[in-house]
Amino acid sequence: MTEIVKQQILAIRATAEANMFDAYAVQYIANREGFYELVVFIQANREEYIDFILRGGRS
């Protein structure tokens, strides 16, 4: 996961518009905001995305 993707996740979380476990809603908001890296990342790496949400990037 790149630093850009991490920052985009945190930016969407800060909006409080969606439950972060609702990946489809997060992708919708990311697309709307122009966070295309995040849209593609979630599509290709859903498990890693969920792990980041659960653990904050800590393994």
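As shown above, the structure is provided for reference.
Here's what I pulled together on the structure shown here.

Criteria and thresholds
Residues numbered from 1 in each chain as written. Predicted model: local features only at pLDDT ≥ 70, side-chain atom pairs only at ≥ 80, totals over all residues. Heavy atoms only, no water. Axes fitted to C-alpha atoms, helices over the stretch in contact; angles between N-to-C directions. Helix = DSSP H or I, 4+ residues; strand = E, 2+ residues; numbered from the N terminus. Parallel < 35°, antiparallel > 145°, perpendicular 65-115°, else oblique. Contact = heavy atoms within 4.5 Å. Nonpolar A, V, L, I, M, F, W, Y, C, P; charged D, E, K, R; others polar. Buried < 20%, exposed > 50% of the residue type's maximum accessible area, 1.4 Å probe, protein only. Salt bridge = Lys/Arg side-chain N within 4 Å of Asp/Glu carboxyl O. Core = buried A, V, L, I, M, F, W, Y, C linked by side-chain atoms within 4.5 Å. Expected span 1.5 Å × (residues − 1). Arc of directions from axis to C-beta.

1. Observations regarding the packing of helix α1 (residues 3-15) against helix α3 (residues 36-44)
Each packed pair of helices is defined by two parameters, the angle between the axes and the distance between the axes. Close contact between α1 and α3 brings their axes to 9 Å; oriented N to C, the two are set at 100 degrees. Relative to α3, the element α1 is oriented roughly perpendicular. In this structure, α1 contributes Ile 4, Val 5, Gln 8, Ile 9 and Ile 12 to the contact, and α3 contributes Glu 37, Leu 38 and Phe 41. A class-by-class count of the residues in the contact of α1 with α3 yields six nonpolar, one polar and one charged.

2. What about the side chain of Gln 8?
When you line up the elements, Gln 8 lands in helix α1. By relative accessible area, Gln 8 is classed as buried at 8%. Setting aside its immediate chain neighbours within four residues, Gln 8 contacts Phe 35, Glu 37 and Leu 38.

3. Observations regarding the pattern of salt bridges
This structure, assessed with the given rule, holds three salt bridges. For Arg 32, the salt bridge goes to Glu 17, with nearest N and O atoms at 2.8 Å. Taken together, the residues span a long stretch of sequence, with Arg 32 in helix α2 (residues 23-33) and Glu 17 in the loop between α1 and α2 at a distance of 15 residues. Owing to a relative accessible area of 43%, Arg 32 belongs among the partly exposed residues under this scheme.

4. Describing the nonpolar core
Looking at soluble globular proteins, one finds that nonpolar side chains tend to be buried together. Ranked by internal contacts, the top residues of the largest apolar core, which has 13 residues, are Ile 9, Ile 12, Met 20, Val 26, Leu 38, Ile 42 and Tyr 49. A per-element tally of this core places α2 first, with four residues. Residue contacts for Ile 42: discarding those within four places in its chain leaves Ala 23, Val 26, Gln 27 and Tyr 49.

5. As for α1
Along an α-helix, a turn takes 3.6 residues, which lines up residues three or four apart on a common side. The first and last C-alpha atoms of α1 sit 19 Å apart over 13 residues, in line with the 18 Å expected at 1.5 Å per residue. Along α1, the positions that sit buried rather than exposed are Val 5, Gln 8, Ile 9 and Ile 12. Buried residues of α1, seen end-on, are gathered within an arc of 100 degrees and therefore sit on one face of the element. Along its buried surface, α1 packs onto α2, α3 and α4 (46-55). Looking at the residues trailing α1, positive phi occurs at Ala 16, about 55 degrees.

Note that every value here comes from positions in space, so none of it alone points to a role or purpose.
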